[in-house]
Amino acid sequence: MKRGITRRDLLNGMLVGAGAAALTALPGGVAHADARHGGGAGYPPGSNGIVGQTDAARTVGHAVTFGGADPGRARDLGEHYDLVVVGGGVSGLAAAHFYRKATGPRARILILEALADFGGHQHRNEFHVRGRTLLSNGGMVNLDSPDTWNSPSLNLMDDLGIDFAKLAEGVDTGYYTGRGLGTGYFFPEESFGADRLVTRATTEPLDALVKRLPLSDAARADILKVESTTQDYFPGLSDSEKKQRLARISYADYLRRYVGVGEEALVFYQRRTHGLWGVGIEAVPAGDCWGIGLPGFAGLELDPVPYNGIGRTPAMSLTTKDEELYYFPDGGATVSRLLVSRLVPGVFQGRQTMDSVILAGADYGRLDRAGADVRIRLNAMATDVRHRRGTRGPVDVSYVSGGKAYRVSGTHVIMACWNSVSSYIVPGLPAAQVEAMRYGVKVPLVYARVALKDWRSWERAGISRITPYNTFWDSCSLTTATNQGGYESARSSDQPIVVTLSKTPNEPGLPITRDQHRAGRRHLLETSFGDFEREIRDLMQRALGPSGFRASRDIMAITVNRWSHGYAYEYNSIADPVIFKPLDQQPFVRARRPFGNIAIANSDAGAFGYTHAAIDEANRAVSELT
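Everything in this summary refers to the structure shown in the same document. (Residues numbered from 1 in each chain as written. Predicted model: local features only at pLDDT ≥ 70, side-chain atom pairs only at ≥ 80, totals over all residues. Heavy atoms only, no water.)

1. Focus: the pairing of strand 12 (residues 374-377)
Here strand 12 shows a buried face lined by Val374 and Ile376 and a second buried face lined by Arg375 and Arg377. For strand 7 (residues 109-112) and strand 12, the ladder comprises 4 bridges, and the chain directions are parallel. When the bridges of strand 12 are listed, leucine 112 appears paired with arginine 377. (Buried < 20%, exposed > 50% of the residue type's maximum accessible area, 1.4 Å probe, protein only. Helix = DSSP H or I, 4+ residues; strand = E, 2+ residues; numbered from the N terminus. Pairing = 2+ DSSP bridges.)

Structure, rendered in structure tokens:
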């Protein structure tokens, strides 16, 4: 437990003793290594430690964008583009793609990205352990419910050659259960008197599991009541009236006041909503929880259709008929890699497909080459975006890179960064639009990825995932089994594998969801890599130690994907009464209005933190300029 994973032991996830990939110097001093053989210092997917929204990017952003620090006089590079895109996430990349389709393939485009990699939240993690390449998502997980998508997103998938049916075939959702691996529920000593891992076999009924939980008889009875109740707690109300009542109380209040659940049993449900909304059940409407299928509502006999005031995620859940999992080995990063392969062909060798790009090497030195039609400039934080004359004519864009300020210009600009950032760096915006842009608060979250030497201890424990209670982490599991594009995840427990852990920091008790996100962000930024590592080791050692796990022996590398500004804020009927008003009166719609030759993209512009929302907003922004 005390043995540290140091940079002396590892080079970007590879054991130095096992041989490190050779690095080749590229123009501009960027180091590069083929993705199939390991990453180098200039290869972002292979980085360990804290990645994602790093301290370096945050320092510039807060000091200049929010803090009013002066980065100095910007050096004019004399570069003029048809389009400058601020933000190189999927929305910014998609905006460049749509702009070229609208104006022609020779349109000159510059994409400025504040982080060290393109794709934004569609980030990719790579490890190289014992001769095997291990991939995982470092951010966005999967493409969700495409049968609910609008035409811009579906058209982009067609342009990129993404075949949903083929993608689903490459995901083996039954692999672990087929090996007899179930779920473990970890209860720590600090809250429950002794460390206890309660395992549930794949065929074990829920009531049998509940009887073995380290809770009182009353709490176990409460859980079984929630799971099996057929009582109508709103007798005499119509379907619409029941839904409106559920829209105005939290899931926790519904369980307490109507189902009659005591506080002890609520721990079993408290974090069920973290992964979608970043807050616990005391802050999520009961109606939204009904919409995503949480228990306790069967007796209400509600018509499974959306209603006025329901959140967009549960509305999508009720609308979709598609139950397939559309997941690449690196999550959504494949989408961004395909976009880059079309926008800047030299980055990947040859024309890439959804299969070939998974293991294709990326030449980051070719992202920003003079003379190229499309250039992607990383580590470039935009600090000022203003029209040269009124709201007409060219737009000057200043940015900071390497501690120095530079300036370029564009005929058009698309702000594909966060709304709150745009509100600070685009002078002259109407006050009402600025207020609307600052309404939503991004959901902070962490995806930790741990490369293991093998996963024999998981198999001996009989589980593929751990649901911890009252611990630092919200979830811990073996990575989803995939077989796509020549990449195959571990098929034997003696092979290396990636373990995924997630956390959405928040502060239960704060009455406003957005305040919980702000508090969670503060907690997140105060957490060092050493803290993350210690919590990873602690959970896995205590839960799996009895099955032979040894952190000092089995953990090969750790990457912490920190997204202090993660998901777009999604309105809910408790925290955001405006959700009941017409769409054109909601802040996110007012926030995305074009401003002269500047248009607004990003998933914030749809208040919906999904890939297809980010793409749709990019398409709308382009249509407003062309």
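2. A few points about the side chain of asparagine 125
Position of asparagine 125 relative to the elements: it lies in strand 8 (residues 124-129). Classification of asparagine 125 by relative accessible area gives buried; the value is 1%. Here the side chain of asparagine 125 touches asparagine 561 through a polar contact of 2.7 Å, side chain to side chain. Not counting the four nearest positions on each side in its chain, asparagine 125 is found in contact with Pro45, Val51, Leu134, Leu135, Ser136, Asn137, Gly138, Arg449, Thr559 and Asn561. (Polar contact = N/O pair within 3.5 Å; in protein donor to acceptor, adjacent residues only side chain to side chain. Contact = heavy atoms within 4.5 Å.)

3. So, a negative patch on the surface
On the surface, Asp163, Glu169, Glu323 and Glu324 cluster together into a negatively charged patch. Tracing the sequence through the fold places glutamate 169 in helix 4 (residues 164-169). Accessibility expressed as a relative area gives 68% for glutamate 169, which makes it exposed. (Patch = residues over 30% accessible without salt bridge, like charges linked within 9 Å, V, L, I, M, F, W, Y side chains within 5 Å. Areas by Shrake-Rupley, 256 points an atom, 1.4 Å probe, with all protein chains shown as cover. Salt bridge = Lys/Arg side-chain N within 4 Å of Asp/Glu carboxyl O. Lys, Arg positive; Asp, Glu negative; His and termini not counted. Charge placed at Lys NZ, Arg CZ, Asp CG, Glu CD.)

4. Focus on the packing of helix 2 (residues 90-103) against helix 15 (residues 333-343)
The N-to-C vectors of helix 2 and helix 15 enclose an angle of 35°; their axes lie 10 Å apart at closest approach. Seen along the crossing, helix 2 lies across helix 15 with a hand that is left-handed. Only Val335, Ser336, Leu339, Val340, Arg342 and Leu343 of helix 15 make contact with helix 2, whose side of the interface consists of Val90, Leu93, Ala94, Ala96, His97 and Arg100. Across the contact of helix 2 with helix 15, the residue classes break down as 8 nonpolar, 2 polar and 2 charged. (Axes fitted to C-alpha atoms, helices over the stretch in contact; angles between N-to-C directions. Left-handed = near helix turned anticlockwise from the far one by under 90°. Nonpolar A, V, L, I, M, F, W, Y, C, P; charged D, E, K, R; others polar.)

5. A look at unusual backbone geometry
Although it is not a glycine, arginine 130 sits at a positive phi angle of roughly 50°. Tracing the chain through its elements places arginine 130 in the loop between strand 8 and strand 9 (132-137). For glutamate 301, which is not glycine, the phi dihedral falls at a positive 50°. Mapped onto the elements, glutamate 301 comes out in the loop between helix 13 (286-291) and helix 14 (312-319). The exposure class assigned to glutamate 301 is exposed, which follows from its relative accessible area of 70%.

6. Some details on the pattern of salt bridges
One pass over the structure, following the stated rule, counts 36 salt bridges. In this structure, aspartate 253 engages arginine 256 in a salt bridge whose closest nitrogen and oxygen atoms are separated by 3.2 Å. You can see aspartate 253 and its partner arginine 256 sitting in helix 10 (residues 251-259), 3 residues apart, about one turn around the helix. In this structure, the salt-bridge partner of lysine 453 is aspartate 454, at a minimum N-O distance of 2.9 Å. Here aspartate 454 falls in the buried class, since its relative accessible area comes to 7%. If you follow the salt bridges from partner to partner, you end up with Glu79, Asp368, Arg375 and Arg377 in one network.

7. Looking at the sheet that holds strand 10 (residues 182-187)
The strand order across the open sheet built from 8 strands is 5-22-16-21-18-17-10-11, with neighbouring strands paired in mixed fashion. Because the sheet does not close on itself, it has two edges, and the strands there are strand 5 (49-52) and strand 11 (196-200). Ignoring which end each strand starts from, the neighbouring axes of this sheet average 20° apart. Lying over the sheet, helix 20 (residues 529-544) contacts strand 5, strand 10, strand 11, strand 16 (443-452), strand 17 (463-468), strand 18 (475-478), strand 21 (497-503) and strand 22 (555-567), oriented at roughly 120° with respect to strand 22.

8. Concerning the nonpolar core
A general feature of soluble globular proteins is that nonpolar side chains tend to end up buried together. Core analysis: the biggest nonpolar cluster contains 64 residues, and Ile109, Ile111, Leu143, Met157, Val335 and Ile414 have the highest contact counts within it. Membership of the second largest hydrophobic core comes to 44 residues, among which are Leu246, Ile249, Val261 and Tyr469. (Core = buried A, V, L, I, M, F, W, Y, C linked by side-chain atoms within 4.5 Å.)

9. Concerning the packing of aromatic side chains
If you walk through the whole model with that rule in mind, you get 28 aromatic pairs. For the ring pair phenylalanine 164 and tyrosine 326, a centre distance of 5.2 Å and an interplane angle of 80° mean the geometry is edge-to-face. Residue phenylalanine 164 is found in helix 4, and its partner tyrosine 326 is found in the loop between helix 14 and helix 15; the two are separated by 162 residues along the sequence. Take phenylalanine 164 and tyrosine 326: they sit in the same class, and that class is buried. Plain terms: the ring middles of phenylalanine 234 and tyrosine 258 are 4.9 Å apart, the flat faces sit at 80° to each other, and that makes the pair edge-to-face. With phenylalanine 234 in the loop between helix 8 (217-228) and helix 9 (239-247) and tyrosine 258 in helix 10, this pair connects stretches of sequence that are 24 residues apart. The class of phenylalanine 234 is buried, set by a relative accessible area of 1%. According to the relative accessible area criterion, tyrosine 258 is partly exposed, its value standing at 22%. Here the aromatic residues Tyr185, Phe187, Phe192, Phe268, Tyr269 and Tyr469 are joined through ring pairs into a cluster of three or more. (Phe/Tyr/Trp six-rings, centres within 6.5 Å; stacked < 30°, edge-to-face > 60°.)

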